[in-house]
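# Residue-level structural notes
This is what each chain is made of:
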Amino acid sequence: VTKGKLTLLCDANTDGSFLVHHFLSFYLKANCKVCFVALIQSFSHYNIVGQKLGVSLTVARECGQLVFLEGLKSSVDVFFRAQAEPHPLQFLREANAENLQPLYEFVREALKPVDDGEAAWRCPVLLVDDLSVLLSLGMGAVAVLDFIHYCRATVCWERKGNIVALVHDSGDTEDEENNILLNGLSHQSHLILRAEGLATGFCRDVHGQLRILWRTPSQPTTQRDQSLTYQYKIQDKSVSFFAKGMSPAVL
Amino acid sequence: MAAVATCGTGAGSTGSVVAAGSKNHVTSFQRRGPRASGSDSSYSRLVSIAGTRPSVRNGQLLVSTGLPALDQLLGGGLAVGTVLLIEEDKYNIYSSLLFKYFLAEGIINGHTLLVASAKEDPADILQELPAPLLDDNFKKDFDEEACNHKTAESNIKMKIAWRYQLLPKMEAGPVSSSRFGHYYDASKKMPQELIEASKWHGFFFPEKSSSTLNIEPCSLTHGYIKLLQFIQNIIYEEGFDGSNPQKKQKNILRIGIQNLGSPLWGDDICCTENGNSHSLTKFLYVLRGLLRTSLSACMITMPTHLIQNKAIISRVTNLSDTVVGLESFIGSERETNPLYKDYHGLIHIRQIPRLNNLIYDVSDVKDLAFKLKRKLFTIEFLHTNTDRVNTEKTFITSDFRVIHVF
């Protein structure tokens with residue numbers, strides 16, 4: 001498990017959520033402490049898919065390995081009832097929320113190193129599914145970038161952990177805020193995984209193409225960034241990858 | 001368009017064999033008493049809710065949209081706890097018909113309805129619902145209209161557990177023993193006694209707009225806030241969210257919201273490009289949160305063709321679970337295209353959710369068209385009509401482009 005890295009997951013014209021499920025189960029199996037800001041689906045959804053991939057989120061949550069922020073459920077609580085303490089999704093109630101500080105505080109608190117010496121987890125990981133939703137909920141791209149910046153400072157640099165975040169690529173629809181967010185994050189990331197739908201349209205045997213790009217954002221790019229492209233097909237419990245044009249259906 | 005023969009295995013304990021069929025067979029097997037993989041004892045309680053069935057792929061509880069053909073395209077039906085977004089056709093003719101089918105299905109199944117509209121009074125909408133088709137009446141008319149369709153009754157008695165075929169034709173006739181999904185006669189109205197026996201709540205925005213807000217002003221428009229509060233109130237009061245142990249609800253709440261995003265709701269995204277870009281998306285997010293935590297399913301029709309800012313449409317799509325777009329041929333150049341002459345419009349399945357799963361059911365055929373026959377709304381695979389007379393003509397225009405005319 002590499003440390004101190006920001007991984008950007010991106011999907012364009014297809015659903016990249018299988019990458020989120022993969023990273024969630026990967027880090028849980030690697031014995032890392034995970035803070036999952038799950039804004040787009042419910043807990044039971046991730047749990048059921050996680051079970052297919054070999055992890056139990058319920059167990060992880062109970063023993064403290066997983067801190068789960070269920071966005072959909074919490075949004076209902078925070079929207080209809082005034083909260084006594086600051087809530088991570090407080091910006092839902094506000095007309096012009098400036099920043100995502102309560103959310104950052106939540107993450108920082110969740111990934112605080114435990115001092116009692118018990119069950120030391122390997123490294124803290126922040127997983128966000130997904131950041132584009134924050135734009136839909138009224139936050140500006142700059143606020144989201146600031147949030148990630150603060151999280152990077154705490155999680156990646158201070159605590160030597162990792163961050164994995166999913167952003168949708170809206171393609172040619174003129175979603176400027178989203179493009180700002182995507183470009184800004186791309187420059188900060190160490191690894192970019194980009195799931196794209198095939199240019200030729202829907203295919204039953206090849207669900208899409210995954211482009212992997214390794215970057216070194218801190219150093220000037222004297223060396224070329226490494227990149228690889230695979231095509232994939234998602235199955236019930238796994239995803240199979242193959243080189244372009246080498247789908248078993250074609251051969 | 002040729003049907004492809006493939007073999008595939010379904011999730012868990014079910015196996016399915018998909019085979020090719022000729023154009024004249026319409027057989028589709030309804031699996032009786034499906035058992036979802038990984039289901040626990042609480043499902044036996046849930047299955048007993050009228051008008052629902054567990055999905056065979058992921059055990060998700062499904063309700064019918066009111067159009068069995070659409071249910072089939074969506075992988076069995078609409079999952080409880082999710083949002084079905086219908087992108088309206090240009091004049092809101094067919095989308096309002098789908099809306100009515102959805103509500104009618106709720107009445108037939110005894111579900112509680114919540115109808116929200118800014119244009120029509122919900123009581124009036126309910127008066128206009130189509131009448132359900134009873135099997136024996138339907139069969140006579142159906143046989144007259146399309147003699148090359150066969151009903152599926154005889155196949156239910158077979159012992160094969162579950163089998164469906166990839167065919168150019170959809171299931172277009174009623175399956176006699178199905179309690180899930182009914183057919184409706186668009187030319188007749190729902191009997192008054194059925195409407196009166198049903199439980200429904202109406203939200204008519206012009207009536208509610210005057211009352212005061214008791215929530216902090218956030219970027220949602222007034223209409224959306226009131227609607228959210230109304231929905232949340234019903235869910236809470238009637239126990240759909242399971243929070244109140246005394247009011248243990250064993251029914252589904254069907255929420256229908258009409259023309260969401262139109263100026264009648266006080267939203268200006270259809271009027272200007274720089275409108276309130278977060279109101280609708282925030283509304284959808286909180287609505288989905290409400291749905292996920294309650295026994296309800298929601299259909300929204302939205303005039304997306306009017307929304308000026310395209311970014312909002314893609315955000316709305318990402319925030320909805322299932323998205324179906326309707327494109328009618330009325331007034332468009334496609335009306336005279338001989339390829340489309342039998343149909344009234346196209347249906348685009350833009351998004352299907354992957355719930356509790358990495359994969360989802362998706363039909364291989366992407367070209368779907370619908371037509372409103374005298375009584376029925378049917379969806380069919382669009383295929384080239386090979387027995388059409390081939391009168392292809394070729395022209396060369398003055399700037400040397402070649403035009404083919406069929």
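These notes cover the structure that comes with them. Per chain, the residues get numbers from 1 upward, laid out in the order the sequence is written. As a convention, the first chain written is A and the first ligand written is 1, with the rest following in written order. Thresholds applied to this predicted model are a pLDDT of at least 70 for local features of residues and 80 or more for the giving and counting of side-chain atom pairs; totals over whole chains, interfaces and linings are not thresholded and use all residues. Derived side-chain values reflect all non-hydrogen atoms in the structure, with water molecules and hydrogen atoms excluded from consideration.

A few words now on the overall build of chain A. Only DSSP runs of H or I with at least four residues qualify as helices, and only runs of E with at least two residues qualify as strands; both kinds are numbered from the N terminus onward. Looking only at helices and strands, chain A features 8 helices and 9 strands. Compactness check: chain A gives a C-alpha radius of gyration of 18 Å against a globular reference of 18 Å for 251 residues, within 12% of the reference. By its C-alpha atoms, chain A is 60 × 45 × 40 Å across when sized along the principal axes. The long-range share in chain A, meaning contacts at least 24 apart out of those at least 6 apart in sequence, stands at 67%. Reported accessibility uses the Shrake-Rupley method at a 1.4 Å probe radius. Residues are deemed covered only where the shown protein chains occlude them. By element, 50% of the accessible surface of chain A is carried by carbon and sulfur atoms, the whole surface being about 11700 Å². The averaged location of the 27 negative side-chain charges in chain A is 8 Å from the averaged location of its 23 positive side-chain charges. Atoms considered for the radius of gyration are the C-alpha atoms alone. The globule rule reads 2.2 Å times the number of residues to the power 0.38. It only takes one pair of heavy atoms within 4.5 Å for two residues to be counted as in contact. For the purpose of counting charges, residues Lys and Arg are taken to be positive, whereas Asp and Glu are taken to be negative. His and the chain ends are not included. One atom stands in for each charge, and that atom is NZ of Lys, CZ of Arg, CG of Asp or CD of Glu.

The helix and strand inventory of chain B stands at 11 helices and 18 strands. Intrachain contacts of chain B at a sequence separation of at least 6 include 71% that bridge at least 24 residues. Just so you have it, chain B exposes about 17900 Å², and 52% of that area is on carbon and sulfur atoms.

This paragraph deals with helix α5 (residues 101-110) of chain A. Residues and elements named next belong to chain A. Using a 1.4 Å probe on the protein chains alone, a residue whose accessible area is under 20% of its type maximum counts as buried, one over 50% counts as exposed, and one in between counts as partly exposed. Taken together, the buried positions of α5 are Leu103, Tyr104, Val107 and Ala110. Looking straight down α5, one finds its buried side chains confined to an arc of 130 degrees; they lie on one side. Where the residues of α5 are buried, they touch β2 (33-38), β3 (66-70), β4 (124-129) and α7 (141-158). By definition, the arc is the one covered by directions from the helix axis to the C-beta atoms.

A contiguous nonpolar surface patch, about 350 Å² in accessible area, is contributed by Trp214(A), Leu228(A), Tyr230(A) and Phe241(A). Note that Leu228(A) resides in strand β8 (residues 226-234). Patch membership requires over 30% relative accessible area and the absence of a salt bridge. Like charges are linked within 9 Å, and nonpolar side chains (Val, Leu, Ile, Met, Phe, Trp, Tyr) within 5 Å. Just to be clear on terms, a salt bridge is a Lys or Arg side-chain nitrogen sitting within 4 Å of an Asp or Glu carboxyl oxygen.

Moving on to the nonpolar core. Among buried residues, the Ala, Val, Leu, Ile, Met, Phe, Trp, Tyr and Cys ones that are joined through side-chain atoms within 4.5 Å form a nonpolar core. Membership of the largest hydrophobic core comes to 124 residues, with the highest contact counts inside it found for Phe36(A), Leu131(A), Ile257(B), Trp265(B) and Leu287(B). At 9 residues, the largest contribution of residues to this core is made by α7(A). Those residues in contact with Ile257(B) that sit more than four places away from it in its chain are Phe99(B), Ala116(B), Leu227(B), Ile231(B), Trp265(B), Phe283(B), Leu287(B), Cys298(B), Met299(B), Ile300(B) and Thr301(B). One finds Ile49(B), Leu74(B), Leu84(B) and Met190(B) within the second-largest nonpolar core, a separate group that totals 41 residues.

Let us look at the sheet that holds β8(A). All names here are of chain A. Pairing between two strands requires that DSSP report at least two bridges joining them. Strands sit in the order β3-β2-β4-β5-β1-β6-β7-β8-β9 across an open sheet of 9 strands; the sheet is mixed. The open sheet terminates on both sides in strands that have one partner only, identified here as β3 and β9 (239-242). The average angle at which neighbouring strand axes cross in this sheet is 20 degrees, direction not considered. Here β2 pairs with β3 via 5 bridges, running parallel. Each residue of the ladder has a partner; that of cysteine 35, found in β3, is valine 67. Each of β2 and β3 is contacted by helix α4 (residues 71-80), which is oriented at about 55 degrees to β3, the strand it contacts most. The convention used is that axes are lines fitted to C-alpha atoms, helices contributing only their stretch in contact, and that angles between N-to-C directions extend from 0 to 180 degrees.

Our focus in this paragraph is the pairing of β9(A). Summarising the sheet, β8(A) and β9(A) pair through 4 bridges and their orientation is antiparallel. From the neighbouring strand, Lys233(A) faces β9(A), where its bridge partner is Ser240(A).

What follows concerns the interface of chain B and chain A. With 39 residues of chain B at the interface, the matching set in chain A holds 44 residues. Here chain B meets chain A over a buried area of about 3700 Å², counting both sides, of which 60% is carbon and sulfur. Counting the contacts that link chain B with chain A gives 2 salt bridges. In this structure, Asp15(A) and Arg354(B) form a salt bridge, with 3.3 Å as the shortest nitrogen-oxygen distance. Polar contacts, as used here, are pairs of N or O atoms within 3.5 Å; protein pairs need one atom able to donate a hydrogen and one able to accept it. Residues neighboring in sequence count only if both atoms are side-chain atoms. Between chain B and chain A we count 10 residue pairs in polar contact (both at pLDDT 80 or more) in total. Elements supplying a minimum of two residues to the side of chain B that touches chain A: α9 (222-237), α10 (279-292) and α11 (310-319) of chain B. A total of 8 residues in the side of chain B that touches chain A trace back to one element, the largest contributor, which is α10(B). Looking at side-chain class alone, the side of chain B that touches chain A contains 17 nonpolar, 13 polar and 9 charged residues. Buried area: the sum, over both parts, of the accessible surface (1.4 Å probe) that disappears when the two are put together. The nonpolar class holds Ala, Val, Leu, Ile, Met, Phe, Trp, Tyr, Cys and Pro. Asp, Glu, Lys and Arg form the charged class, and all remaining residues, Gly among them, are polar.

The next subject is the packing of aromatic side chains. Residue and element names in this part refer to chain B. Aromatic rings from Phe, Tyr and Trp, taking only the six-membered ring of Trp, are treated as a pair when their centres fall within 6.5 Å; an angle between ring planes under 30 degrees marks them as stacked, one over 60 as edge-to-face, and anything in between as tilted. Per the stated rule, a full pass over the model turns up 21 aromatic pairs over all chains. Between phenylalanine 203 and tryptophan 265 the ring centres are 6.1 Å apart and the planes differ by 10 degrees, which places this aromatic pair in the stacked class. With a gap of 62 residues between them, phenylalanine 203 in strand β10 (residues 200-204) and tryptophan 265 in the loop between β11 (253-257) and α10 connect regions that are remote in the sequence. Neither phenylalanine 203 nor tryptophan 265 differs from the other in exposure class; each is buried.

Moving on, we come to the environment of Pro88(A). All names here are of chain A. Here proline 88 shows up in the loop between α4 and α5. The class of proline 88 is buried, set by a relative accessible area of 11%. Between the C-alpha atom of proline 88 and that of glutamate 105, which follows or precedes it by 17 residues, the distance is 7.6 Å. Discounting residues that sit within four places of it in the chain, proline 88 has contacts with Leu69, Pro102, Leu103 and Phe106.

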